Amino acid sequence: MPEKSVGYFNCLKNRAFCHSKLKKYPEAIADYSAYLKYRLDDSVVYINRGICYLNSGNKNKALVDFKKALELGNKNAQVYINGISK
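What you see is a predicted model; the values in this text were computed from it and never measured.

Colleague: Which residues make up the overall build of the protein chain, and what values go with them?
Modeller: Of the regular secondary structure elements, the protein chain holds five helices and zero strands. For the protein chain, the succession of helices and strands along the chain, N to C, is α-α-α-α-α. Seen through its C-alpha atoms, the protein chain measures out along the principal axes to roughly 45 × 30 × 20 Å. By the burial criterion, 34% of the 86 residues in the protein chain qualify as buried. Sequence separation of 24 or more characterises 35% of the internal contacts of the protein chain that already satisfy a separation of 6 or more.

Colleague: Go over the nonpolar core, please, and point to the residues and values.
Modeller: Inside soluble globular proteins, nonpolar side chains tend to come together where they are buried. Core analysis: the biggest nonpolar cluster contains 20 residues, and Tyr-32, Tyr-35, Cys-52 and Phe-66 have the highest contact counts within it. Contributing elements (two or more residues each) for this core: helix H1 (6-21), helix H2 (25-36), helix H3 (43-55), helix H4 (59-71) and helix H5 (77-85).

About the cut-offs
- Residues numbered from 1 in each chain as written.
- Predicted model: local features only at pLDDT ≥ 70, side-chain atom pairs only at ≥ 80, totals over all residues.
- Heavy atoms only, no water.
- Helix = DSSP H or I, 4+ residues; strand = E, 2+ residues; numbered from the N terminus.
- Buried < 20%, exposed > 50% of the residue type's maximum accessible area, 1.4 Å probe, protein only.
- Contact = heavy atoms within 4.5 Å.
- Core = buried A, V, L, I, M, F, W, Y, C linked by side-chain atoms within 4.5 Å.

So, in structure tokens, the structure goes:
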């Protein structure tokens, strides 16, 4: 597989964000997941995908993503974890 460019990854992440704003959560999740195959350390993308899972009704997958973001050092993830735990 040829090396992916920075532009490719930015495009995936931006398209996923646009899908999420349009409430096209399955499309957003697919793009975020494709992005995360190559960029495993992007805690913001884990939070964004977690929000999409949450809005799709999948609390378990959302919680996994929020915990991963927290593990990567994103303290904002704790707010989402606390919200699910209530």
